[in-house]
Amino acid sequence: MDSGVGLGCPGGELPCNRPGEPHLTTARGSAAHRPSKPDRSPESSREATREGTGAKHRIVVPFDDNRLLAHLLGEYDSHLALIESRLGIEAHAHGNVVTLTGPQPACETGREVLNAVYDRVRKGESISAGDIDGLIRHARSGAPRNDGTAQIRTRRRIVSARTPMQSEYIRALDAHDLVFGTGPAGTGKTYLAVAQAASYLERGLVERIVLSRPAVEAGERLGFLPGDMREKVDPYLRPLYDALYDVLPPEKVERDLEAGIIEIAPLAFMRGRTLAHAFVILDEAQNTTSMQMKMFLTRHGEGSRMVVTGDPTQIDLPPGQKSGLHEAVQLLEGVKGIEVVHFTSADVVRSELVARIVAAYDGAPTTSGLGSGVTSTLARGQGRTE
């Protein structure tokens, strides 16, 4: 019933025929009718005036290719359900249109998200619930759509940023020789860096990938570990392997590890080396000392990119030992060729539960058993400790 209302009317927005009905907007969602940018003109917003604070707005978003609707809507309309849940609106599919009902700003955001999903589906990209969530976060940030979601393309998958800060991070990885990514667990710091390294390797922009971590135990003493050197250090470097296997075919990872094109090594093995034409990542950098951090940063060679990631709230150094990550960010932020990207709990994408856990810890007073004491200096330059 709603899908036919206003579709053939000039002007795009018409009030409903019956008093008290929500206002109706027709959004041009198809390639033939939809403008190149979402219609968010002030005139359209003014036309759809509200009849009191509780009034609802309605937008109809049509799409021209019915074959793509299953991918657009998700299995059992799961994508629509997620949009409803996140934005607090109602979304219903009728034929080749989706009707959004609710507060006008939320409906406008929903329209922008649907159009963005449709554009990706037309390009043959697969869409997950995480992608929907990411598009919603970008739309809510107010960033221009053409400037919105950054992507990394590898042979195995397309990795899309899920928060505006992730987009900023991906662009920094492209633009700067040295990038620091700091922030809580679950924000994608390491995963995006590994994906970018894989993309650079596949495109021939670097000749090898070097991944490193300090071999520091998380508050435990594991004692003697059996096996050769690789078997001894593998437990510390497992997260880097996991990211590699996710963005590259497993057979390529194994082949490149054997050939030395991909090297995974403890930080202690970096001294004296020059890393040229390589994409170098130092993970868990909050557990480096000042001397180790300086040693690592000065390994940078010709044609190389370096990424340093770490969570300043999870330091496992002995008491009294200063984090090299904390010192490096203080000294190097603003230096030409270096970019520092600060993630916060708002950027956690691992799961909603992890986001709530991080927020709870951030809001709690630090005790000797929990904290690092350097968190907030890295959180957007707020010079306080916790």
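Look up: the structure comes first, before these words.
Treat the numbers as computed from the prediction; the structure is a model and nothing was measured.

A. Geometry of the nonpolar core. Within the largest apolar cluster, 38 residues are counted, with the highest numbers of intra-cluster contacts made by Tyr169, Leu244, Ile262, Ile264 and Ile281. Among the elements of the structure, helix 6 (164-175), helix 7 (189-202), strand 9 (208-213), helix 8 (229-247), helix 9 (250-259), strand 10 (262-266) and strand 11 (278-282) are those that each provide at least two residues to this core. When residues in this core are grouped by element, the largest group, 8 residues, is from helix 7.

B. Broad picture of helix 5 (residues 129-141). Relative to the 18 Å expected for 13 residues at 1.5 Å per residue, helix 5 spans 19 Å between its end C-alpha atoms, a close match to the ideal helical length. Among the residues making up helix 5, those that are buried are Gly130, Asp131, Ile132, Asp133, Gly134, Leu135, Ile136, His138 and Ala139. Here the buried face of helix 5 lies against helix 3 (78-87), helix 4 (104-122), strand 7 (158-160) and helix 6.

C. How the structure looks around the sheet that holds strand 13 (residues 338-342). Here 6 strands make up an open sheet; going across it, the order is 10-9-11-12-8-13 and the pairing parallel. Each of the sheet's edge strands pairs with one partner strand only, and the pair in question is strand 10 and strand 13. For this sheet, the mean angle separating the axes of adjacent strands, direction not counted, is 15°. Looking at chain direction, strand 11 and strand 12 (residues 305-310) are connected through 4 bridges and run parallel. Note on strand 12: the bridge partner recorded for phenylalanine 279 is arginine 305. Lying over the sheet, helix 7 contacts strand 8 (178-182), strand 9, strand 10, strand 11 and strand 12, oriented at roughly 170° with respect to strand 11.

D. Expanded view of the packing of aromatic side chains. The full count for this structure, using the stated rule, is 3 aromatic pairs. Judged by centre distance (4.9 Å) and plane angle (45°), the ring pair of phenylalanine 63 and tyrosine 118 falls under tilted. Taken together, the residues span a long stretch of sequence, with phenylalanine 63 in the loop between strand 3 (57-62) and helix 2 (69-73) and tyrosine 118 in helix 4 at a distance of 55 residues. Across the pair, exposure class does not vary: phenylalanine 63 and tyrosine 118 are buried alike.

Calculation notes
- Residues numbered from 1 in each chain as written.
- Predicted model: local features only at pLDDT ≥ 70, side-chain atom pairs only at ≥ 80, totals over all residues.
- Heavy atoms only, no water.
- Core = buried A, V, L, I, M, F, W, Y, C linked by side-chain atoms within 4.5 Å.
- Buried < 20%, exposed > 50% of the residue type's maximum accessible area, 1.4 Å probe, protein only.
- Helix = DSSP H or I, 4+ residues; strand = E, 2+ residues; numbered from the N terminus.
- Expected span 1.5 Å × (residues − 1).
- Contact = heavy atoms within 4.5 Å.
- Pairing = 2+ DSSP bridges.
- Axes fitted to C-alpha atoms, helices over the stretch in contact; angles between N-to-C directions.
- Phe/Tyr/Trp six-rings, centres within 6.5 Å; stacked < 30°, edge-to-face > 60°.

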